[in-house]
Amino acid sequence: MWQGTSQLLWMGIHFYCTRLCSLNSDLLWWNQCLQKILAHHFRSLQFPLVSRSGKIRKMVADAKDSNVSKMELENFPGGSHTFELAMKFCYSMNFEITPANLAPLRCAAEYLEMTEDYRDENLIERTEVYLNDIVLQSLEKSVEVLSTCEMLPSIAEEVGIPSRCIDAIAINACKEQLVSGLSRLDCDAESTELKSGCIEWWIEDLSVLKIDYYERVICAMCKVGVRSDSIIASLMHYAQTSLKGIGKYQIWNPSKVKQSPSMAENDQCSIMATLVSLLPAEKSSSIPLSFLFGMLRMSIMLDATIACRLELERRIAFRLEMVSLDDLLIPSVRSGDSLFDVDTVHRILVNFLQRIEEENVDCGYESDGLGSSGYGSLLKVGRLIDAYLAEIAPDPYLSLQKFIAMIEILPDYARVIDDGLYRAIDIYLKAHAILSEHESKKLCKFIDCQKLSQEASNHAAQNDRLPVQMTVRVLYFEQLRLKNAISGNSGDGFLSQRISSGVPSAVMSPRDNYASLRRENRELKLEISRMRVRLSELEKEQMYMKQGMIDKSGNGKTFLTSLSKGIGRIGIFSSPTGGRRQKSSRKYRGSEGKPGRNRRSFVS
């Protein structure tokens with residue numbers, strides 16, 4: 001009855017206003033009449049509002065003028081559209097509650113105090129029923145409602161809509177994880193293409209959230225036990241959509257990345273820092289290295305916080321032996337600096353060496369064995385850094401201090417052979433011809449001539465870019481190597497000298513004594529590795545000589561016989577009890593035989 005009366009009244013007012021305008025009557029007089037009509041009927045028209053809204057009831061009761069026809073509702077949540085929906089509810093007009101208008105409508109009902117104290121099944125109750133029975137049961141609808149809360153004032157947090165939606169998203173994601181367990185097992189048995197289809201569908205839905213709500217959702221998922229690989233995939237997808245230029249499994253060129261005009265730089269830095277803090281903490285997490293390097297490059301471009309960059313560098317250093325050369329070639333964004341960011345790679349290498357040292361201390365003395373994972377990782381990183389040095393050496397803006405810092409940070413036992421280091425230094429000397437003689441000597445002192453292969457030694461002996469002292473050292477050690485090879489020593493003289501110079505003193509502390517023994521053990525094992533390399537080279541040369549003499553001779557048997565007699569004079573291939581060797585190399589027996597036997601018993 002009341003609804004029909006109010007509608008007829010408004011229709012009548014509209015009809016009279018239209019009629020008066022069409023007759024060109026005295027609009028001022030009719031406007032005054034209309035105001036009187038509205039003031040007379042205002043209290044009757046606001047009855048549905050007063051009956052359902054506690055706030056409207058208080059405002060009417062507190063009004064001094066009984067004929068008040070105007071009320072101001074400041075900071076109304078959701079704006080005019082939400083107010084219109086609330087009025088339709090008060091006047092029993094049909095409209096649909098959806099996930100898009102639920103949060104604003106629930107906040108408006110809280111603002112207007114539309115509780116059960118004033119009318120049964122009021123707007124608060126109706127929206128709560130829809131929220132609990134429909135929205136919170138669906139992950140997709142919960143994400144949609146949560147995204148609408150971002151535009152609402154703090155009343156949304158007071159009502160508790162975001163927290164309930166976040167908990168619902170985490171719980172539903174965990175349920176999806178359990179349900180998809182069987183399909184994931186099926187995918188594990190199939191090809192890689194099928195595995196990509198097992199990634200949770202909700203990962204893309206979460207990318208519509210702002211970073212604050214997204215952070216709360218990921219934290220809630222971690223608490224309820226969602227898989228770390230799903231969380232990593234979600235973080236990568238969110239970074240791809242929110243930070244322009246970051247691909248899911250790509251390494252991009254930072255010079256081609258353009259900042260989004262709709263996102264301020266400080267917002268991007270905040271997103272970067274938040275995503276890094278959300279990365280799983282376990283060391284065995286399978287975070288793609290390309291993604292970590294992509295985030296590191298973007299953090300350098302955006303000048304992100306130091307903590308953010310150091311965390312990315314630490315995570316990369318933990319798996320540095322798996323890194324490729326292209327990953328380390330990080331362009332520098334500083335003007336007037338070198339083309340590549342050498343400082344960042346240096347910090348990564350420092351973190352890696354600290355990790356290796358901690359693992360050696362935890363595992364004890366035996367961790368330095370050639371078969372240990374730490375030593376193998378160190379050798380791989382040594383080869384990687386040598387390749388990196390050769391790649392950045394042609395940079396004309398690369399200072400000598402930075403180049404030397406990258407060389408000396410690696411310990412001596414990280415390189416079995418110094419061919420890669422020699423190649424990098426040679427490239428640097430060629431690209432920086434303005435270096436003084438003193439600077440060239442300072443750079444070349446890091447090359448161990450005893451650790452150069454035959455090919456590298458031959459090249460160094462004829463290299464005009466090297467200092468004279470370096471060339472003399474190379475020739476000296478080559479002559480000494482040839483002498484030892486002929487006498488059957490094969491470098492044992494060097495080894496015995498190192499052992500004799502590194503014997504720990506009795507007055508040393510137990511800790512220093514232990515460290516000295518570890519260093520000696522490394523040197524012994526490196527000598528063994530170098531001896532194997534030398535032995536393989538000599539065997540190859542012997543094979544070439546044998547093949548050449550067979551080809552030149554018409555009677556291969558005669559030459560083979562003479563060759564076997566000549567080889568018998570080289571002690572490295574004959575037994576220590578051979579009669580001919582004892583007779584031909586009697587003068588080397590006293591000086592070289594005993595150190596060799598001592599060395600073998602010490603290693604074993």
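Scroll up to find the structure.
Note that the structure is a prediction, hence the values are computed from the model and not measured.

What counts and what doesn't
Every residue gets a number counted from 1 within its own chain, in the order that chain's sequence is written. For this predicted model, a pLDDT threshold of at least 70 governs which residues receive local features, and a threshold of 80 or more governs which side-chain atom pairs are given and counted, while totals over whole chains, interfaces and linings are taken from all residues. To get the side-chain values, all heavy atoms of the structure are used, and hydrogens and water are removed first. Runs of E in the DSSP output that reach at least two residues are strands. Runs of H or I that reach at least four are helices, and both are numbered from the N terminus. In this description, contact between two residues means that some pair of their heavy atoms is separated by no more than 4.5 Å. Surface exposure here means Shrake-Rupley accessible area, sampled with a 1.4 Å probe, where a residue is shielded only by the protein chains that are shown. Helix axes are fitted to C-alpha atoms over the stretch in contact, other axes to C-alpha atoms as well, and angles between N-to-C directions run from 0 to 180 degrees. Working definition: roughly parallel below 35 degrees, roughly antiparallel above 145 degrees, roughly perpendicular at 65 to 115 degrees, and oblique for all remaining angles. A clockwise turn of the near helix away from the far one marks a right-handed crossing, whereas an anticlockwise turn of less than a right angle marks a left-handed crossing. Residue classes follow a fixed rule: Ala, Val, Leu, Ile, Met, Phe, Trp, Tyr, Cys and Pro count as nonpolar, while Asp, Glu, Lys and Arg count as charged, and any other residue, Gly among them, counts as polar. One speaks of a salt bridge when a side-chain nitrogen belonging to Lys or Arg is within 4 Å of a carboxyl oxygen belonging to Asp or Glu. Classification of residues uses two cut-offs on accessible area relative to the type maximum, computed with a 1.4 Å probe and protein chains only: under 20% is buried, over 50% is exposed, and between them is partly exposed. Side-chain atoms within 4.5 Å link the members of a nonpolar core, which is a set of buried Ala, Val, Leu, Ile, Met, Phe, Trp, Tyr and Cys residues. To count toward a patch, a residue needs a relative accessible area above 30% and no salt bridge. Like charges then connect within 9 Å, nonpolar side chains (Val, Leu, Ile, Met, Phe, Trp, Tyr) within 5 Å. This count recognises Lys and Arg as positive and Asp and Glu as negative, with His and chain-terminal groups excluded. We put the charge of a Lys on NZ, of an Arg on CZ, of an Asp on CG and of a Glu on CD. Expected span, for any helix, means 1.5 Å times one less than how many residues it has. Geometry of aromatic contacts follows a simple scheme: Phe, Tyr and Trp rings, the Trp one being its six-membered ring, pair when their centres are within 6.5 Å, and the pair is stacked under 30 degrees between planes, edge-to-face over 60, tilted otherwise. Any two cysteine sulfur atoms lying within 2.5 Å of each other are counted as a disulfide.

### Here's the deal with the overall build of the chain
- Each helix and strand in the chain was counted, giving 31 helices and zero strands.
- Here the contacts in the chain between residues at least 6 apart in sequence split such that 72% fall between residues at least 24 apart.
- For the chain, the exposed surface amounts to about 33,700 Å²; the carbon and sulfur share of it is 55%.

### As for the packing of helix 25 (residues 454-461) against helix 26 (residues 468-487)
- Running from N to C, helix 25 and helix 26 cross one another at 140 degrees; their axes reach a closest spacing of 9 Å. Classified by the angle their axes make, helix 25 and helix 26 are oblique. The handedness of the crossing between helix 25 and helix 26 is left-handed. Counting all contacts with helix 25, which are made through Gln 454, Ser 457, Ala 460 and Ala 461, the residues of helix 26 involved are Thr 471, Val 474, Leu 475, Glu 478 and Arg 481.
- Residues belonging to the contact of helix 25 with helix 26 are distributed by class as follows: four nonpolar, three polar and two charged.

### A short note on the environment of Met 114
- Within the secondary structure, Met 114 is located in the loop between helix 6 (99-111) and helix 7 (123-135).
- Other than its neighbours up to four places away in sequence, Met 114 contacts Arg 52, Ser 53, Phe 89, Cys 90, Ala 109, Asn 122, Leu 123 and Ile 124.

### Describing the pattern of salt bridges
- Overall, the coordinates contain 16 salt bridges when judged by the stated rule.
- Here Lys 88 and Glu 84 are joined by a salt bridge, their closest N and O atoms 3.8 Å apart. Residue Lys 88 and its partner Glu 84 are both found in helix 5 (residues 79-90); the two are separated by four residues, about one turn of the helix.
- With relative accessibility at 40%, the residue Glu 84 sits in the partly exposed group.
- A salt bridge links Lys 451 to Asp 418, with the nearest nitrogen and oxygen atoms 3.7 Å apart. Here Lys 451, found in the loop between helix 24 (437-444) and helix 25, pairs with Asp 418, found in the loop between helix 22 (400-408) and helix 23 (419-431); they are 33 residues apart in sequence, far enough to count as distant.
- By sharing partners, the salt bridges in this structure join Arg 106, Glu 110, Glu 128 and Arg 164 into a single network.

### Quick word on the nonpolar core
- Judged by nonpolar contacts, the single largest core of 137 residues is most densely connected at Tyr 214, Met 221, Leu 275 and Phe 403.
- If one sorts the elements of this core by residue count, helix 21 (residues 373-392) sits on top with ten residues.
- Residues contacting Phe 403, with those up to four places away along its chain left out, are Leu 389, Ala 393, Leu 398, Ala 424, Ile 425, Tyr 428 and Leu 443.

### Overview of a negative patch on the surface
- Taken together, the side chains of Glu 116, Asp 117, Asp 120, Glu 121 and Glu 125 present a region of like negative charge at the surface.
- Among the secondary structure elements, Glu 121 is positioned in the loop between helix 6 and helix 7.

### A word on the environment of Cys 449
- Positionally, Cys 449 belongs in the loop between helix 24 and helix 25.
- With a relative accessible area of 4%, Cys 449 lands in the buried category.
- When near neighbours in sequence (up to four residues on either side) are disregarded, Cys 449 contacts Met 470, Arg 473, Val 474, Phe 477 and Arg 481.

### Topic: helix 14 (residues 211-224)
- Look at helix 14: 20 Å from first C-alpha to last across 14 residues, which is about the 20 Å you get at 1.5 Å a residue.
- When helix 14 is considered as a whole, its buried residues turn out to be Ile 211, Tyr 213, Tyr 214, Val 217, Ile 218, Ala 220 and Met 221.
- Taken from the residues just after helix 14, Gly 225 is the one with a positive phi, measuring 100 degrees.

### With respect to the packing of aromatic side chains
- What the rule picks out here adds up to five aromatic pairs.
- Relative to Phe 83, the ring of Phe 76 lies with its centre 5.4 Å away and its plane at 85 degrees, an arrangement referred to as edge-to-face.
- For Phe 83, a relative accessible area of 29% corresponds to the partly exposed category.
- With 5.3 Å between their ring centres and 80 degrees between their planes, Phe 76 and Tyr 111 make a pair best called edge-to-face. Separated by 35 residues along the polypeptide, Phe 76 in the loop between helix 4 (54-62) and helix 5 and Tyr 111 in helix 6 bring together distant segments of the chain. Across the pair, exposure class does not vary: Phe 76 and Tyr 111 are buried alike.
- Of the aromatic side chains, those joined through ring pairs into one cluster are Phe 76, Phe 83 and Tyr 111.

### A closer look at the packing of helix 8 (residues 139-148) against helix 10 (residues 161-179)
- Where helix 8 contacts helix 10, the axes come no closer than 9 Å and their chain directions differ by 150 degrees. Relative to helix 10, helix 8 is oriented roughly antiparallel. Handedness of the crossing formed by helix 8 with helix 10: left-handed. Facing helix 8, whose interface residues are Leu 139, Ser 142, Val 143, Val 145 and Leu 146, helix 10 presents Ile 161, Pro 162, Cys 165, Ile 166, Ala 168, Ile 169, Asn 172 and Ala 173.
- Residues of the contact of helix 8 with helix 10, tallied by class, amount to eleven nonpolar, two polar and no charged.

### A look at the environment of Ala 168
- Mapped onto the elements, Ala 168 comes out in helix 10.
- For the pair formed by Ala 168 and Met 221, sequence separation is 53 residues and the distance between their alpha carbons is 10.0 Å.
- If we ignore the near neighbours within four places in the chain, the residues touching Ala 168 are Leu 136 and Ser 142.

### So, unusual backbone geometry
- Phi at Ser 92 takes a positive value of approximately 60 degrees, unusual for a residue other than glycine.
- As for its placement among the helices and strands, Ser 92 is situated in the loop between helix 5 and helix 6.
- Of note in the backbone geometry, Asp 303 takes a positive phi value of approximately 55 degrees without being a glycine.

### Things to note about helix 17 (residues 289-302)
- The end-to-end C-alpha distance of helix 17, which contains 14 residues, comes to 20 Å, matching closely the 20 Å that a straight helix rising 1.5 Å per residue would cover.
- Once helix 17 ends, the next one or two residues include Asp 303, with phi positive near 55 degrees.

### Considerations on the state of the cysteines
- Summed over all chains, the structure comprises zero disulfides.
- No disulfide involves Cys 165; its sulfur sits 5.7 Å from that of Cys 149, the nearest cysteine.

### Structural notes on the side chain of His 432
- You can see His 432 is positioned in the loop between helix 23 and helix 24.
- Overall, His 432 belongs to the buried group, its relative accessible area being 10%.
- Dropping the residues within four chain positions of it, His 432 is found in contact with Ala 393, Asp 395, Pro 396 and Leu 398.

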